2 protein chains.
Amino acid sequence: MKKLINTPDGVLADSLAGYAAAHPEVRVDPVNRIVYRATPKEAGKVALLSGGGSGHEPLHGGYVGLGMLDAAVAGEVFTSPTPDQVQEATKTVDTGAGVLHIVKNYTGDVMNFDMASELAAAEAGVQVETVVVADDVAVQDSLYTAGRRGVGTTVLLEKIVGAAAEEGRDLASVASLARRVNDAGRSMGMALTSCTVPAAGKPTFDLPDDQMEIGIGIHGEPGRHRQDLAPASEIAQLLVEPILADLDFTGAPVIAMLNGMGGSPLIELYLMYGEVAKLLSAAGVTVARPLVGNYITSLDMAGCSLTLLKADDEILKLWDAPVVTPGLRWGA
Amino acid sequence: MKKLINTPDGVLADSLAGYAAAHPEVRVDPVNRIVYRATPKEAGKVALLSGGGSGHEPLHGGYVGLGMLDAAVAGEVFTSPTPDQVQEATKTVDTGAGVLHIVKNYTGDVMNFDMASELAAAEAGVQVETVVVADDVAVQDSLYTAGRRGVGTTVLLEKIVGAAAEEGRDLASVASLARRVNDAGRSMGMALTSCTVPAAGKPTFDLPDDQMEIGIGIHGEPGRHRQDLAPASEIAQLLVEPILADLDFTGAPVIAMLNGMGGSPLIELYLMYGEVAKLLSAAGVTVARPLVGNYITSLDMAGCSLTLLKADDEILKLWDAPVVTPGLRWGA
């Protein structure tokens, strides 16, 4: 296993320490493994909390800041944070207007965020609403989920709903918008290589030198099928077609994210976006806002995913609003 | 070779097409492979031009925009752009106040930018000044260079000098600042794996599963030595010590960049930065501005590099000035 780490067990703690050193605009609670804004949100505004297993950086800690999350709770690599961690973060970020939990649809995350919201309500009277992101069209159920897995739409949702919370909308409106964004997002991913979980010390799965996996999950969960390596233009079809078959993306402005899995360089991600853009244009889909880069990764996996979000004027306006986080930044 | 590409020969053209589709704020000349700002700089301000072989993304095309470069010329992967390409870009970006060429110290780049500046002067009367970046402390001469290789300081220099040009400083002042920044920057890199050049189809060099290379160049050029894999804390020492031995970084605010080589995920880069930050603190070095991420890469190479720049109040002010590019963005 070739990684820039000290010990497999210390990866999360060591990485959070480096993150705190690199970003004075956030604060890291090393005991509960929570990333907070250094300057909390004004009282009376809804707070946004997300989190989950680590290994998907910059998700979620990289999205803490003005216009996006108030805090992110980090579990061990590919492991849900505990209800205690989530409860602690929930109580801390609440300004009195309630907290939205943004949860990717994995059984452990859903259960632990759910328990945390009950505890925070019972012990501290915090109002919590939850949106479960479930946007991956690859598989209906999965190794770790009932229903679709939550992947790329999470990034777009945190940005859009974060802007709405910053405007001062109340908890019911923020939660309703979050569900609307989730309903409008679809994703599909693929892998050229497996990732390697530090504690395992070897690749999660074997993928021969001449094969790729289509429909992969962000933890290396099985996808739809394996096949021989193909040109980028064909890979783009394998991502675009299942998404367009699942939802009609014509007649509305679309936010399109071509995301890297962590081990694929930017020169390849831009190339893939070019292929995707051609197919979308041919299908009558109008990309209003493109985003290309590593936004929700799977450790060192080589590969990419595509997320399309069917937007409208309101969502685009929220998308364009200022965001100041380590992982996404513009307009301020 | 596992890559998201169509054909090895088409990588650059296809990637530039995707880059243009993803970033309407830049324009790509697909014939000359030049990335320009969509909105050119005001007349009378010095223009900044850089470029070199591709495969180091986001360098240089990702740094075209307000507060940084006016254009970037892309050669094939790890291959210098031609004098004709550079000359074309030089003439186009000149607003009458002259052009600064920012050239990484590789023989081909230095020669071709030099020829281009002579041609642009002779044919179009463009005033050109050149700064050659040579900041890599790993080796004195190298496979492709006389003198030190130009690596991470290039990113910091393009940002700092870009801000000075935006202020309206004249060509002599801009060039003098650029040389001062180069003199104040030092870098050192390491690789866990080789990169694979698409046209070659196989890794540039063999690096056994239990070994790493210290002092690697951004094209996979040999470094100082190979050794057994080591914990991140030891790798950090192997990067920090040669830099601090080469220049005294105490007594001044320092800009520190922990850069990924393209195949190492962010969770590892933050971890490495944490180790570096501890060593710098112990050595009495004050990091005023940290930067962690993939800024000057080597295709899919796993590994990282460290760049330290000895700054002062003027340089920090220029660093903090607004920058709006695909690869680096803040303050506007």
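Predicted model only: the values in this text are computed from it and were never measured.

**Some details on the overall build of chain A**
Part 1 of the reasoning: Summing up its helical and strand segments, chain A has eight helices and 14 strands in all.
Part 2 of the reasoning: Taking 332 residues into account, the globule formula puts the C-alpha radius of gyration at 20 Å, and chain A, at 19 Å, falls close to it.
Part 3 of the reasoning: Considering only C-alpha atoms, chain A reaches an extent of 55 × 50 × 35 Å along its principal axes.
Part 4 of the reasoning: With 332 residues in all, chain A has 61% of them scored as buried.
Part 5 of the reasoning: For chain A, restricting intrachain contacts to residue pairs at least 6 apart in sequence, the fraction spanning at least 24 positions comes to 74%.
Part 6 of the reasoning: With an accessible surface of roughly 11000 Å², chain A has 52% of that area assigned to carbon and sulfur atoms.
Part 7 of the reasoning: Within chain A, the 41 negative side-chain charges are centred at a point lying 4 Å from the centre of the 24 positive side-chain charges.

**Notes on unusual backbone geometry**
Residue and element names in this part refer to chain A.
Part 1 of the reasoning: Here the amide bond leading from Leu59 into His60 is cis, since omega sits at -10°, within 30 degrees of zero.
Part 2 of the reasoning: With respect to the helices, strands and loops of the structure, His60 is situated in the loop between strand 3 (47-54) and strand 4 (71-77).
Part 3 of the reasoning: Even without a glycine there, the phi angle at Arg33 is positive, about 55°.
Part 4 of the reasoning: With respect to the secondary-structure elements, Arg33 resides in the loop between strand 1 (26-29) and strand 2 (34-37).

**So, the sheet that holds strand 10 (residues 253-260) of chain A**
Residues and elements named next belong to chain A.
Part 1 of the reasoning: Across the sheet, six strands lie side by side as 9-8-7-12-10-11; this open sheet has mixed pairing. At either margin of the open sheet sits one strand with a lone partner, and together these are strand 9 (225-228) and strand 11 (286-293). The average undirected angle you get between the axes of adjacent strands in this sheet is 20°.
Part 2 of the reasoning: Both strand 7 (residues 185-191) and strand 12 (residues 303-310) contribute to a ladder of seven bridges, which runs antiparallel. For Gly189, the partnering residue across the bridge sits in strand 12 and is Ser305.
Part 3 of the reasoning: Sheet strands in contact with helix 7 (residues 266-282) are strand 10, strand 11 and strand 12, and its direction is about 165° off that of strand 11.
Part 4 of the reasoning: Its contacts with the sheet place helix 8 (residues 313-320) against strand 10, strand 11 and strand 12, and it is angled at close to 30° to strand 11.

**Details of the nonpolar core**
Part 1 of the reasoning: Counting 102 residues, the largest nonpolar core has A:Leu48, A:Leu100, A:Ile160, A:Ile255, B:Met190, B:Leu258 and B:Met272 as the members making the most contacts within it.
Part 2 of the reasoning: The greatest single-element share of this core, amounting to ten residues, is contributed by helix 7 (residues 266-282) of chain B.
Part 3 of the reasoning: If sequence neighbours within four positions are ignored, A:Leu48 has contacts with A:Lys41, A:Met68, A:Leu69, A:Asp70, A:Ala71, A:Leu100, A:Ile102, A:Glu158, A:Val161, A:Gly162, A:Ala165 and A:Val174.
Part 4 of the reasoning: The next biggest cluster of nonpolar side chains, apart from the first, holds 100 residues, and it includes A:Met188, A:Met190, A:Val276 and B:Leu328.

**Considerations on the sheet that holds strand 1 (residues 26-29) of chain B**
Residues and elements named next belong to chain B.
Part 1 of the reasoning: Strand order in the open sheet made by the six strands is 1-2-4-3-5-6, with mixed pairing throughout. Both outer strands of the open sheet, strand 1 and strand 6 (128-133), are each paired with one neighbouring strand and no more. When strand polarity is set aside, the average angle formed by the axes of neighbouring strands in this sheet is 20°.
Part 2 of the reasoning: Of the pairings in the sheet, the one linking strand 2 (residues 34-37) to strand 4 (residues 71-77) comprises three bridges and is antiparallel in character. Looking at strand 4, one finds that Ile34 is bridged to Val73.
Part 3 of the reasoning: Across the sheet, helix 1 (residues 11-22) touches strand 1, strand 2, strand 3 (47-54) and strand 4, and the angle it forms with strand 1 is around 155°.
Part 4 of the reasoning: Contacts from helix 3 (residues 107-124) reach strand 3, strand 5 (99-104) and strand 6 within the one sheet, and its direction differs from that of strand 5 by about 165°.

**Structural notes on the domain arrangement of chain A**
Residues and elements named next belong to chain A.
Part 1 of the reasoning: On domain assignment, one finds that chain A holds domain 1 (20-183) and domain 2 (185-330).
Part 2 of the reasoning: Contact residues are listed per partner, giving 45 residues for domain 1 and 45 residues for domain 2.
Part 3 of the reasoning: Summing both partners gives a buried area of about 3600 Å² for domain 1 against domain 2, and 64% of it is carried by carbon and sulfur.
Part 4 of the reasoning: Looking at the side of domain 1 facing domain 2, the largest losses of area belong to Val137, Leu156 and Lys159, adding up to 17% of the total buried there.
Part 5 of the reasoning: Of the charged contacts in the structure, one is a salt bridge between Arg180 and Asp312, with a shortest N-O distance of 2.7 Å.
Part 6 of the reasoning: Run the count over domain 1 and domain 2 and you get 24 residue pairs in polar contact (both at pLDDT 80 or more).
Part 7 of the reasoning: Contributing elements (two or more residues each) for the side of domain 1 that touches domain 2: helix 4 (153-167) and helix 5 (171-183).
Part 8 of the reasoning: For the side of domain 1 that touches domain 2, the element with the most residues is helix 4, which contributes eight residues.
Part 9 of the reasoning: Here the side of domain 1 that touches domain 2 is built from residues that sort into 22 nonpolar, eleven polar and twelve charged.

**Concerning the relation of the copies chain A and chain B**
Part 1 of the reasoning: Mapping chain A onto chain B is achieved by rotating through 180° and translating by 0.0 Å along the same axis, at an RMSD of 0.0 Å. What the rotation and shift describe, once combined, is the action of a two-fold rotation axis. Among all C-alpha atoms of chain A, that of A:Gly263 lies closest to the rotation axis, at 2.2 Å.

Each value, and the rule that gives it
- Residues numbered from 1 in each chain as written.
- Chains lettered and ligands numbered in written order.
- Predicted model: local features only at pLDDT ≥ 70, side-chain atom pairs only at ≥ 80, totals over all residues.
- Heavy atoms only, no water.
- Helix = DSSP H or I, 4+ residues; strand = E, 2+ residues; numbered from the N terminus.
- Rg over C-alpha atoms; globule rule 2.2 N^0.38 Å.
- Buried < 20%, exposed > 50% of the residue type's maximum accessible area, 1.4 Å probe, protein only.
- Contact = heavy atoms within 4.5 Å.
- Areas by Shrake-Rupley, 256 points an atom, 1.4 Å probe, with all protein chains shown as cover.
- Lys, Arg positive; Asp, Glu negative; His and termini not counted.
- Charge placed at Lys NZ, Arg CZ, Asp CG, Glu CD.
- Pairing = 2+ DSSP bridges.
- Axes fitted to C-alpha atoms, helices over the stretch in contact; angles between N-to-C directions.
- Core = buried A, V, L, I, M, F, W, Y, C linked by side-chain atoms within 4.5 Å.
- Domains from an automatic or database assignment.
- Buried area = accessible area lost by both parts, 1.4 Å probe.
- Salt bridge = Lys/Arg side-chain N within 4 Å of Asp/Glu carboxyl O.
- Polar contact = N/O pair within 3.5 Å; in protein donor to acceptor, adjacent residues only side chain to side chain.
- Nonpolar A, V, L, I, M, F, W, Y, C, P; charged D, E, K, R; others polar.
- Least-squares fit on C-alpha atoms with pLDDT ≥ 70 in both.

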